Amino acid sequence: MNNPIVIIGAGLSGLRAASLLTEQGIECRVLEARDRVGGRVLTTSVSNRPDLGSFDLGPTWFWPQYERTIANLVKELNLGTFDQYTQGAMLSERYRNKPPERYVLPENSNVKSVRFMGGVQSLIDAVANTLPSDIVELEKRVTAIQLDESGAITLEAELASGKREKVSASAVILALPPRIVANHIKFSPSLPKSLMNDLVNKPTWMAGQAKAVAIYDRPFWREQGLSGFVSSWVGPLQEIHDASPNTGSGALFGFLGIPVRMRQELGEDKILNLVIDQLTRLFGPSAKDVSSILYKDWAIDSETAVDEDFNPLRDFPVYGEPRKEGVWEKKIIFVGTETDSQFGGHLEGALRSAEHAVSEITKNRFS
């Protein structure tokens, strides 16, 4: 009996690859180091106030007019969406001791982005629900992949209990950030040096970022004619957007402009105090009255970031599929948003990479 395709990583690309393989009757297993599915998709709610809604601490939007793969999947899965709120003026904070400047952007100056009702986790859950319940295996961290002379593949995984498990595979889909593969998985025989260099030089999207979400009983800034969009040279948040659910509560989220090392020195409590101070400076006294504030520093997430990701990105990375050669060429396939040259960094890129991987597997099986 043939061994299954083994997918390492249960983020969007790994789950979508598993779904497409299953549709074609191709046996697969998904091994995930975390205790949850989703990878860099992380939607959460306030533990004692679920009525406030769900909020994304990872990716938030997609752009259906340009991103047809995700738009078609959302339609296929019948998922609820709504347009990102952009009505009203934006604020520009250029100087610490001066009030922010207010600008009304020209109509249609921003490309319309779309959000998920219930957060991006609703997409993850819907894709996961297309799979048989036993395909995804959580808390199994793959540490080594061995290819023997006969072409047989054996993976070694570490379980939450500390025990180790060996898994046989006919091929491996690596649905992980390239740098995580390079740093955390031992290959025998070793990957070619050119491939390793390619993996190490692909920055992990979002890995150096930290995101804060301030939640309120209502989106009070809209009453002031503000969209919630802010560009700040002062910080600590350098870019702020309305993160309110489609109904009910209000929320503002922002990306931290503080470098990773400085965030670690300051600590979460001090950072969040600075965030509230900034929101109060921008939006007035009502911003102090937070129902809750959520925070995620992806740089300290060991399943996402490595030390090389601590350096902030100055330009958009050059993404695309790593070039394989030698004995591993038809045995491993890389998927994930960093492997898509057109939509790298987007949910669209993660889905496109999964479709490409399954197409490659199908071609290899029947060639």
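Below is a summary of the structure that appears in this document.

About the thresholds
- Residues numbered from 1 in each chain as written.
- Predicted model: local features only at pLDDT ≥ 70, side-chain atom pairs only at ≥ 80, totals over all residues.
- Heavy atoms only, no water.
- Helix = DSSP H or I, 4+ residues; strand = E, 2+ residues; numbered from the N terminus.
- Buried < 20%, exposed > 50% of the residue type's maximum accessible area, 1.4 Å probe, protein only.
- Contact = heavy atoms within 4.5 Å.
- Areas by Shrake-Rupley, 256 points an atom, 1.4 Å probe, with all protein chains shown as cover.
- Lys, Arg positive; Asp, Glu negative; His and termini not counted.
- Charge placed at Lys NZ, Arg CZ, Asp CG, Glu CD.
- Polar contact = N/O pair within 3.5 Å; in protein donor to acceptor, adjacent residues only side chain to side chain.
- Axes fitted to C-alpha atoms, helices over the stretch in contact; angles between N-to-C directions.
- Parallel < 35°, antiparallel > 145°, perpendicular 65-115°, else oblique.
- Left-handed = near helix turned anticlockwise from the far one by under 90°.
- Nonpolar A, V, L, I, M, F, W, Y, C, P; charged D, E, K, R; others polar.
- Core = buried A, V, L, I, M, F, W, Y, C linked by side-chain atoms within 4.5 Å.
- Phe/Tyr/Trp six-rings, centres within 6.5 Å; stacked < 30°, edge-to-face > 60°.
- Pairing = 2+ DSSP bridges.
- 1 Å grid on protein atoms, 1.4 Å probe; cavity = no way out; pocket = protein on both sides within 12 Å on 5 of 7 lines; lining within 4 Å.
- Points joined across faces, edges and corners; volume = space filled by probe spheres on them.
- Salt bridge = Lys/Arg side-chain N within 4 Å of Asp/Glu carboxyl O.

### Thoughts on the overall build of the chain
No. 1: A tally of helices and strands in the chain yields eight helices and 20 strands.
No. 2: With the C-alpha coordinates of the chain rotated into their principal frame, the extents come out at 70 × 45 × 40 Å.
No. 3: Counting the 367 residues in the chain, one finds 54% classified as buried.
No. 4: Within the chain, counting contacts between residues at least 6 apart in sequence, those at least 24 apart form 70% of the total.
No. 5: Surface summary for the chain: the accessible area is close to 17,400 Å², and the carbon and sulfur share equals 47%.
No. 6: For the chain, the distance from the average position of its 40 positive side-chain charges to the average position of its 46 negative side-chain charges is 2 Å.

### A few points about the environment of E321
No. 1: If you trace the backbone, E321 turns up in the loop between strand 19 (292–297) and strand 20 (332–334).
No. 2: Taking the C-alpha atoms as reference points, E321 and I333, separated by 12 residues in sequence, lie 8.9 Å from one another.
No. 3: Apart from the residues lying within four places of it in its own chain, the contact partners of E321 are D198, T339, H356 and E360.

### Quick notes on the side chain of S227
No. 1: Within the element layout of this structure, S227 appears in strand 16 (residues 226–232).
No. 2: On the basis of relative accessible area, S227 is assigned to the buried category, the value being 4%.
No. 3: There is a polar contact of 3.1 Å between the side chain of S227 and the backbone nitrogen of F229.
No. 4: When residues no more than four places from it in sequence are discounted, the contact partners of S227 are Y85, T86, Q87, G88, A89, M90, W221 and D242.

### Structural notes on the packing of helix 1 (residues 12–23) against helix 3 (residues 121–128)
No. 1: Orientation of helix 1 relative to helix 3, taken along the N-to-C sense of each, is 25 degrees, at an axis distance of 9 Å. With respect to helix 3, the axis of helix 1 lies roughly parallel. Where helix 1 crosses over helix 3, the handedness of that crossing is left-handed. Seen from helix 1, the contacting residues are L12, L15, R16 and S19; seen from helix 3, they are L123, I124, V127 and A128.
No. 2: The residue inventory of the contact of helix 1 with helix 3, partitioned by class, reads six nonpolar, one polar and one charged.

### Things to note about the nonpolar core
No. 1: If you look at the biggest cluster of nonpolar residues, it comprises 41 residues, and the most contacted ones within it are I7, L21, F116, L123 and I173.
No. 2: Going through the elements one at a time, strand 1 (5–8), helix 1, strand 2 (28–31), helix 2 (68–77), strand 8 (114–116), helix 3, strand 13 (171–174) and helix 8 (347–366) are the ones with two or more residues in this core.
No. 3: It is helix 8 that provides the largest number of residues to this core, a total of seven residues.
No. 4: Those residues in contact with F116, other than ones at most four positions away along the chain, are F62, I70, V74, L79, G80, T81, F82, S122, L123 and L347.

### Notes on the packing of aromatic side chains
Two measures describe an aromatic ring pair: the distance that separates the ring centres and the angle between the ring planes.
No. 1: Summed over all chains, the structure comprises 11 aromatic pairs.
No. 2: Centroid distance F62 to F116: 5.2 Å. Interplanar angle 35 degrees. Geometry classified as tilted. Placement of F62 in the loop between strand 4 (55–56) and helix 2 and of F116 in strand 8 is noted, with a sequence separation of 54 residues between them.
No. 3: For F62, a relative accessible area of 3% gives the class buried.

### Section: the sheet that holds strand 13
No. 1: Here we have five strands laid out as an open sheet, ordered 9-2-1-13-20, and parallel in their pairing. Two strands close off the open sheet at either side, each with one partner strand: strand 9 (136–137) and strand 20.
No. 2: Relative to strand 20, strand 13 runs parallel, the two sharing three bridges. Counterpart to V172 in the pairing with strand 20 is I332.
No. 3: Strands in contact with helix 1 are strand 1, strand 2, strand 9 and strand 13; relative to strand 1, the strand with the most contacts, it is inclined by about 160 degrees.

### Observations regarding the environment of S292
No. 1: For S292, the location among the structural elements is in strand 19.
No. 2: The exposure class of S292 is buried, given its relative accessible area of 16%.
No. 3: Taking the C-alpha atoms as reference points, S292 and P50, separated by 242 residues in sequence, lie 11 Å from one another.
No. 4: Apart from the residues lying within four places of it in its own chain, the contact partners of S292 are V46, V213, A214 and I215.

### Structural notes on empty space enclosed by the protein
No. 1: One pass over the structure, following the stated rule, counts one cavity of 30 Å³ or more.
No. 2: Its volume calculated, the largest cavity comes out at about 80 Å³.
No. 3: Lining the largest cavity we find 13 residues, and of these F55, D56, T60, R115 and A243 sit closest to its centre.
No. 4: Those elements that provide at least two residues to the lining of the largest cavity are strand 4, strand 8 and strand 15 (210–216).

### Observations regarding the pattern of salt bridges
Pairing between side chains becomes possible if they bear opposite charge and their charged atoms approach one another.
No. 1: Taken as a whole and judged by the stated rule, the model has 22 salt bridges.
No. 2: Two residues, E165 and K140, come together in a salt bridge whose shortest N-O distance is 2.9 Å. Within this pair, whereas E165 is found in strand 12 (residues 164–169), its partner K140 is found in strand 10 (residues 140–147), the two being separated by 25 residues in sequence.
No. 3: Bridged by salt links that share partners, the residues R29, E137, K140 and E165 form one connected network.

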